[in-house]
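Residues per chain are reported as follows:
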Amino acid sequence: MARKRPEGNCHICGEFGPLSFEHIPPKKAFNNRPVISMDFNQALELGPNEPTKGKGNVQQKGMGTYTLCERCNNLTGHWYGNRFVDWCYQGMNILHRTNGSPTLFYMNYMFPLAIIKQILVMFFSVNGSGFRNANQELVDFVLNRDAKYLPPKYRVFVYYNIEGKSRKIGPVVLWRSGQMHTVSEISYPPFGYVLALDSEPPDSQLFEISHFARFGYNEFAVMELRLPVLPTHLMFPGDYRNENEIREQYARSKRIAQGISDND
Ligand SMILES: [Zn+2]
């Protein structure tokens, strides 16, 4: 039975109307299986890699939401979708060949502009409908297939991601070593992406790809990229701790909350 499509303001063009289901990342980029989404507290209570059966919201179609109008969804999918999918297949292939720990430089064959634009389309979806109002330059950038050069206040970072939970987090302000970072993050194997707004990246291991925006739409590039492999166990942007680090710090903070110091 066909359900009525949700209506709302498109996260990119802002027009009010029926919204279409947007896979984040695109369906062909390994996003065609059921996924479970849950909030930070649920994920923390659950602990890393415990069974998620019966918890969170299950999305049978893969990860995504109703955020874009049909026009924006189709246009951007048509322009950027396949080129982005190729990039994901290469990433997955490198991870398979190296058993999840690439230690060398690997060649990537790609259309950089389409890839960074698809990444930004996903960030529009994940961020609320108000994000477009504050970021009109970014709207123009993704709705014009051939537009080049990202305004310098937007910086995009990437990493390999194969361990943990998928992130889909709108702009959050983080304090790290006395610095404020406004970041949004999406992770879904084989990659994770961070969008930093007017700020430094939350972690120095992240690999910057903002320069992908300097290529023409039909300009093909071969690049050597050396990306870090980072886990995403908690629904908290910029957090790449492994399971042991999380368990230890969680246990320590519980002891402190109970008034027992580490020296007891
Ligand atoms: Zn639209």
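In short, a report on the structure. (Residues numbered from 1 in each chain as written. Predicted model: local features only at pLDDT ≥ 70, side-chain atom pairs only at ≥ 80, totals over all residues.)

1. Side note on unusual backbone geometry
Now for step 1: The residue after I24, namely P25, is reached through a cis peptide bond having omega -5°.
Now for step 2: Mapped onto the elements, P25 comes out in the loop between β2 (16-23) and β3 (35-37).
Now for step 3: Residues P189 and P190 are joined by a peptide bond in cis, for which omega reads 10°.
Now for step 4: Considering the arrangement of structural elements, one finds P190 in the loop between β9 (179-188) and β10 (191-197).
Now for step 5: The backbone phi angle of Y149 is positive, close to 70°, even though this residue is not glycine.
Now for step 6: Along the chain, the position of Y149 falls in the loop between α5 (136-143) and β7 (154-160).
Now for step 7: Owing to 11 C-beta atoms within 10 Å, Y149 belongs among the exposed residues under this scheme.
Now for step 8: A positive phi is found at D198, a non-glycine position, where the angle reads about 50°.
Now for step 9: Position of D198 relative to the elements: it lies in the loop between β10 and β11 (207-208). (Helix = DSSP H or I, 4+ residues; strand = E, 2+ residues; numbered from the N terminus. Buried ≥ 20, exposed ≤ 12 C-beta atoms within 10 Å, placed from the backbone.)

2. What to know about the pairing of β10
Now for step 1: Burial analysis of β10 places six of its seven residues in the buried class, which makes it a mostly covered element.
Now for step 2: Strand direction decides the pairing type here: β9 and β10, joined by six bridges, are antiparallel. Looking at β10, one finds that S187 is bridged to G192.
Now for step 3: Taking the residues that link successive antiparallel strands as the turn, the β9-β10 hairpin has two residues. (Pairing = 2+ DSSP bridges.)

3. Some remarks on the nonpolar core
Now for step 1: Counting residues in each nonpolar core, the largest one holds 52 residues, and the members touching the most others are I115, I116, I119, L120, F123 and Y193.
Now for step 2: Going through the elements one at a time, β5 (64-69), α2 (70-97), α3 (112-126), α5, β7, β9 and β10 are the ones with two or more residues in this core.
Now for step 3: Ranked by residue count, the leading element in this core is α3, at eleven residues. (Core = buried A, V, L, I, M, F, W, Y, C linked by C-beta atoms within 7 Å.)

Purely geometric stuff here, so don't read any function into it on its own.
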